[in-house]
Amino acid sequence: MSLLDSSSNIHILLLNPNSSLVMTKTMEAAATRLAALTPSVSISTYTAPEPSPASIDNGEDIQASVQAVIGDPEFKSLFQSKTFDAVLVACFSVHPLVKQLAHSLKPVPVIGIFEASILTALSLVPTVGAGVQQQQWGIVTTGAFWETNLSNGVAAFLGQPQPLTSPASSSGNGDHRFAGVFSTGLNAGDFHTISQDQINMRLREATKRLLSSGNVSCVVMGCGGMGGLQDMIRTIIIQEYGQDRAKEVCIVDGVQAGVLQLQQTVLSRRFFGVK
């Protein structure tokens, strides 16, 4: 089997654990923009039913979304009628469904857009030696709840012994590459309901705080509903850093990072696994 043959027909389920069909469409559009890079990948979507909230904004919403998905007969029937090569949990949080589905669907690889974004950011921000200013990555997200929640999640993912108990926007964690989490004060649904001027203002403020925190070379969009806002963030980066320095800054969309990570995982399993 050639490597080209092994890359054919990768079918990914994009699982939105909130009940917003609008947000599912936004994330699906972000995934399909990768078509030129991932011609062998096809995407199917699933949106959690109510009572899962339309916007996941706190711990209670996370738990409600887990129950809605696990208890949904339609979700269970998906894996009886179709074969998926991988599952992407499209909620930018430390979402319990990632571990639960990784266990129940084994050996199908499962990743969340949060975890995929961390892996992607780390690959884009190299560790440098003494005497060289370290580049950093950070997260721009929605509500203030996520500052501590995602900071703790990053610390846990990186194997830090003590998770943070205060927002990372005031201080980083044990990995000097991580600049922190910076909130717009909006919730995920706001990106589809409030005026563009309000979105621009809040996003600009949060992004400016991140950029001013250190030598930032990678901005992670910390919400699945932020898909399509790269141009706006790029404009802010140019305004803050100037054209030349801004060219060195990457902007990571979690859904796109997830699709690319899962494609690599599926390929690796096919190529390096049992023939």
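Because the structure is predicted, anything quoted here is derived from the model rather than measured.

Conventions and cut-offs
- Residues numbered from 1 in each chain as written.
- Predicted model: local features only at pLDDT ≥ 70, side-chain atom pairs only at ≥ 80, totals over all residues.
- Heavy atoms only, no water.
- Domains from an automatic or database assignment.
- Contact = heavy atoms within 4.5 Å.
- Buried area = accessible area lost by both parts, 1.4 Å probe.
- Salt bridge = Lys/Arg side-chain N within 4 Å of Asp/Glu carboxyl O.
- Helix = DSSP H or I, 4+ residues; strand = E, 2+ residues; numbered from the N terminus.
- Expected span 1.5 Å × (residues − 1).
- Buried < 20%, exposed > 50% of the residue type's maximum accessible area, 1.4 Å probe, protein only.
- Arc of directions from axis to C-beta.
- Polar contact = N/O pair within 3.5 Å; in protein donor to acceptor, adjacent residues only side chain to side chain.
- Pairing = 2+ DSSP bridges.
- Axes fitted to C-alpha atoms, helices over the stretch in contact; angles between N-to-C directions.

*Asks:* Kindly report on the domain arrangement of the chain, identifying the contributing residues and their values.
*Replies:* Domain parsing of the chain yields domain 1 (10-112 + 256-272) and domain 2 (116-254). Taken over C-alpha atoms, the centre of domain 1 sits 22 Å from the centre of domain 2. With 21 residues of domain 1 at the interface, the matching set in domain 2 holds 26 residues. Of the roughly 1800 Å² buried between domain 1 and domain 2, counting both surfaces, carbon and sulfur atoms make up 64%. Scanning the region where domain 1 abuts domain 2 turns up zero salt bridges. Sorting the residues of the side of domain 1 that touches domain 2 by element identifies helix H2 (21-32), helix H3 (59-70), strand E4 (110-112) and helix H11 (254-272) as the ones contributing at least two each. Residue contributions to the side of domain 1 that touches domain 2 peak at five residues, all from H2.

*Asks:* Talk me through H3; I want residue IDs and the actual numbers.
*Replies:* Turn by turn, an α-helix covers 3.6 residues, leaving residues three or four places apart pointing in a common direction. In this model H3 runs 17 Å from its N-terminal to its C-terminal C-alpha over 12 residues, within 8% of the 16 Å that 1.5 Å per residue would give. Along H3, the positions that sit buried rather than exposed are Asp61, Ile62, Ser65, Val66, Ala68 and Val69. Angular distribution of buried residues about the axis of H3 spans 165°; they occupy a single face of the element. Away from its buried face, by an angle of more than 90 degrees, H3 presents the exposed residues Glu60 and Gln67. With a side-chain oxygen lying 3.1 Å from the backbone nitrogen of Glu60, the N-terminal cap of H3 falls on Asn58.

*Asks:* An account of the sheet that holds strand E3 (residues 86-89) is needed here, citing residue identities and associated values.
*Replies:* With parallel pairing, four strands are arranged side by side in an open sheet as E2-E1-E3-E4. Here the strands that pair on one side only, and so sit at the sheet edges, are strand E2 (41-47) and E4. Averaged over all pairs of adjacent strands, the angle between strand axes in this sheet comes to 25°, irrespective of strand direction. One ladder, built from four bridges, connects strand E1 (residues 10-16) with E3; its direction is parallel. Directly across from Leu15, in E3, lies its bridge partner Val89. Sitting on the sheet, helix H4 (residues 73-81) touches E1, E2 and E3, and the angle it makes with E1 is about 175°. Against the sheet, helix H5 (residues 96-104) engages E1, E3 and E4, with an angle of about 175° to E4.

*Asks:* How would you summarise the environment of Ala179 if you had to cite specific residues and measurements?
*Replies:* Note that Ala179 resides in strand E6 (residues 178-183). With a relative accessible area of 10%, Ala179 lands in the buried category.

*Asks:* Describe unusual backbone geometry, with residues and values.
*Replies:* The linkage connecting Glu50 with the following residue, Pro51, adopts the cis geometry, with an omega of 20°. Along the polypeptide, Pro51 turns up in the loop between E2 and H3. With an omega of 15°, the peptide bond running from Lys106 to Pro107 counts as cis. Here Pro107 lies in the loop between H5 and E4.

*Asks:* Tell me about the sheet that holds E6, residues and numbers included.
*Replies:* Strand pairing in a sheet relies on backbone hydrogen bonds, with the paired strands running either antiparallel or parallel. The strand order E6-E5-E7-E8 describes an open sheet built from four strands, whose pairing is parallel. With one partner strand each, in any of the chains shown, E6 and strand E8 (250-253) form the two edges of the open sheet. With direction set aside, neighbouring strand axes in the sheet form an average angle of 20°. Bridge analysis of strand E5 (residues 136-141) against E6 gives five bridges, and the strand direction is parallel. Looking across to E6, one finds that Thr141 is bridged to Ser183. Helix-sheet contacts for helix H9 (residues 230-241) involve strand E7 (216-222) and E8, and the interaxial angle to E8 is about 155°.

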